[in-house]
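Here are the chains, one letter per residue:
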Amino acid sequence: MAVFTEVTLAEAQAWFAKHYEHLGRLRGLQGISSGIENSNFFIQVENESGQTIEYVLTLFERLTSEQLPFYLNLMEHLAKKGIQVPAPIRNQKNQLLSPLKNKPATLVTKLKGGSKLNPDPTHCALVGDMLAKMHLAGMDFPMHQPNLRSLPWWQETVPTVLPYLQKQQAELLVNELQAQTDFFESASYSLLPGGPSHCDLFRDNVLFDHTDGEDQLGGFFDFYFAGTDKWLFDLAVTVNDWCIDLSNGQLVSDRYQALINSYELVRPLSAAEKKAWPMMLRAAALRFWISRLWDFYLPRDAALLTPHDPTHFERVLQARRNQEFTV
């Protein structure tokens with residue numbers, strides 16, 4: 001969530017008065033520096049009772065108005081099911097999108113809490129539990145949109161980043177892409193259950209609220225990489241961030257077991273999923289190595305943007321290729 005499109009307080013106030021006057025008056029606006037895809041702002045709104053309520057305003061930089069209903073309706077669906085996610089606010093015309101500065105834009109509720117960038121097993125267990133509940137809550141969501149950063153995007157993007165890589169890196173990337181192409185086309189992959197998935201549930205996309213002396217899950221946010229995908233892929237993406245030593249990409253056993261065990265208490269993994277687990281962990285690592293290579297070597301301008309180091313997920317992929325896993 002960087003800032004690509006600058007918005008002044010006056011511009012935001014005019015936009016808010018046009019679309020969300022029923023919520024009150026916009027009093028404050030601050031850009032959010034984290035993330036890499038959209039322009040995001042915290043806004044402060046004074047309601048009729050004089051209370052100040054904070055929301056999140058997002059301007060979408062890549063996603064189109066045609067693509068966005070999937071994400072926004074999914075968030076609305078999950079929020080109504082009791083999953084702790086930002087709830088989109090419908091405007092005065094009962095719409096989820098309200099254009100700002102010629103960009104699709106939306107307003108969502110702000111979750112409580114802060115990120116835990118150094119999680120312990122307790123945090124991982126809370127994440128595993130909520131991830132499984134989210135998967136089940138999405139089973140009756142009627143809309144379908146594929147994960148736009150899955151295999152077809154990898155196949156399209158890899159040739160654009162290969163010229164920037166050293167020979168050994170390029171060989172690893174091409175080799176793994178072929179292995180994943182074979183995996184995705186296999187009968188065993190087709191047996192894996194799936195549905196709406198977050199597909200980007202990193203540590204900085206989860207909040208914890210410290211209440212009564214302990215951390216409670218505040219919620220999942222930033223659903224704008226979500227798609228209809230294999231639930232096992234969503235789990236693998238989550239494990240590859242929450243359960244690893246960031247210095248070397250290796251799994252940390254107690255965090256790994258806490259997340260997997262809590263997930264399976266809600267949604268036990270099938271035999272097919274357990275068999276596919278090692279390859280799916282590699283797939284999740286490959287997806288983010290490719291996207292970080294793309295962001296690093298082919299960057300876009302943004303007022304508050306620092307691309308992530310792509311070598312991190314190169315290490316994670318190597319670790320998954322060299323390690324045996326059980327689930």
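Worth saying up front: this structure is predicted, and the values here are computed from it rather than measured.

Q: Go over the packing of helix α4 (residues 151–161) against helix α5 (residues 167–184), please, and point to the residues and values.
A: One way to put it is that α4 packs onto α5 with a least axis distance of 11 Å and a crossing angle of 165°. In terms of orientation, α4 and α5 fall into the roughly antiparallel class. Like other packed secondary-structure pairs, α4 and α5 cross with a definite hand, here left-handed. Across the interface between the two elements, Leu151, Trp154, Gln155, Val158 and Val161 of α4 pack against Leu173, Leu177, Gln180, Thr181 and Phe184 of α5. Considered class by class, the residues forming the contact of α4 with α5 number 7 nonpolar, 3 polar and no charged.

Q: Outline the packing of helix α7 (residues 231–242) against helix α9 (residues 271–297), supporting the account with residue identities and numerical values.
A: Contact geometry of α7 with α9 gives a least axis separation of 8 Å together with a crossing angle of 60°. Taken together, α7 and α9 sit at an angle that is classed as oblique. At the point where α7 passes α9, the crossing takes the right-handed sense. Contact with α7, carried on its side by Leu232, Phe233, Leu235, Ala236, Val237, Val239 and Asn240, involves Glu273, Ala276, Trp277, Met280, Leu281, Ala283, Ala284, Ala285, Arg287 and Phe288 of α9 and no other residues of that element. The class makeup of the residues in the contact of α7 with α9 is 14 nonpolar, 1 polar and 2 charged.

Q: Describe the nonpolar core, naming the residues involved and giving the relevant values.
A: Core analysis: the largest hydrophobic core is formed by 81 residues, its most contacted members being Trp154, Phe220, Leu235 and Val239. The element best represented in this core is α9, accounting for 13 residues. Those residues within four positions of Leu235 in sequence are excluded, and the remaining contacts are Leu131, Leu259, Ile260, Tyr263, Leu269 and Trp277.

Q: Could you give an account of α4, with specific residues and numbers?
A: A turn of α-helix holds 3.6 residues, and therefore any two residues three or four places apart point the same way. Those residues of α4 that fall on the buried side of the exposure criterion are Leu151, Trp153, Trp154, Thr157, Val158 and Val161. The buried residues of α4 all sit within an arc of 135° when viewed along its axis, so they share a single face. Those residues of α4 that are exposed and aimed more than 90 degrees away from the buried face are Pro152 and Glu156. Contact partners of the buried residues in α4: α5, α7 and α9.

Q: Could you give an account of the sheet that holds strand β1 (residues 25–31), with specific residues and numbers?
A: Ordered by their spatial adjacency, 4 strands build an open sheet running β1-β2-β3-β4, and the pairing between neighbours is antiparallel. Looking at strand neighbours, the two that pair on one side only are β1 and β4 (105–109), the edges of this open sheet. Between one strand axis and the next, the sheet turns through 30° on average, direction left out of account. Looking at chain direction, strand β3 (residues 52–59) and β4 are connected through 5 bridges and run antiparallel. Opposite Tyr55, over in β4, you have Thr109 as the bridge partner. Along the sheet, helix α1 (residues 9–19) contacts β1, β2 (39–46), β3 and β4; its crossing angle with β1, the most-contacted strand, is approximately 135°.

Q: I'd love a proper account of the packing of aromatic side chains, names of residues and values included.
A: Counting across every chain of the model gives 17 aromatic pairs. Each residue in the set Phe60, Phe70, Tyr71, Phe141 and Tyr224 is aromatic and connected to the rest through ring pairs, giving one cluster. One cation-aromatic arrangement involves Arg149 over Trp153; the distance from NZ or CZ to the ring centre is 4.3 Å. Its end group placed over the ring of Phe225, Arg287 keeps NZ or CZ at 5.1 Å from the ring centre.

Q: I'd like a rundown of the environment of Trp294, residues and numbers included.
A: Examined against the element boundaries, Trp294 turns out to sit in helix α9. What makes Trp294 buried here is its relative accessible area of 19%. Sequence-wise, Trp294 and Leu162 are 132 residues apart; in three dimensions their C-alpha atoms are separated by 9.9 Å. If we skip the residues at most four places from it in the chain, Trp294 touches Arg62, Arg149, Trp153, Thr157, Thr160, Val161 and Pro299.

Q: Let's hear about the pattern of salt bridges: which residues, and what values?
A: Here the structure, examined in full by the defined rule, presents 12 salt bridges. For the salt bridge of Glu46 with Arg27, the shortest nitrogen-to-oxygen distance reads 3.1 Å. You can see Glu46 sitting in strand β2 and its partner Arg27 sitting in strand β1, a full 19 residues away along the chain. On the basis of relative accessibility, which here comes to 30%, the residue Glu46 falls in the partly exposed class. Note that Asp140 and Lys81 form a salt bridge whose closest N and O atoms lie 2.8 Å from each other. Linking Asp140 in the loop between α3 (121–137) and α4 with Lys81 in the loop between α2 (68–80) and β4, this pair joins segments that are 59 residues apart in sequence. We classify Asp140 as partly exposed; its relative accessible area is 46%. The class for Lys81 is partly exposed, based on a relative accessible area of 42%. One network of salt bridges, in which partners are shared, links Glu176, Arg282 and Arg321.

Conventions adopted
Residues numbered from 1 in each chain as written. Predicted model: local features only at pLDDT ≥ 70, side-chain atom pairs only at ≥ 80, totals over all residues. Heavy atoms only, no water. Axes fitted to C-alpha atoms, helices over the stretch in contact; angles between N-to-C directions. Helix = DSSP H or I, 4+ residues; strand = E, 2+ residues; numbered from the N terminus. Parallel < 35°, antiparallel > 145°, perpendicular 65-115°, else oblique. Left-handed = near helix turned anticlockwise from the far one by under 90°. Contact = heavy atoms within 4.5 Å. Nonpolar A, V, L, I, M, F, W, Y, C, P; charged D, E, K, R; others polar. Core = buried A, V, L, I, M, F, W, Y, C linked by side-chain atoms within 4.5 Å. Buried < 20%, exposed > 50% of the residue type's maximum accessible area, 1.4 Å probe, protein only. Arc of directions from axis to C-beta. Pairing = 2+ DSSP bridges. Phe/Tyr/Trp six-rings, centres within 6.5 Å; stacked < 30°, edge-to-face > 60°. Lys NZ or Arg CZ within 6 Å of the ring centre and 35° of its normal. Salt bridge = Lys/Arg side-chain N within 4 Å of Asp/Glu carboxyl O.

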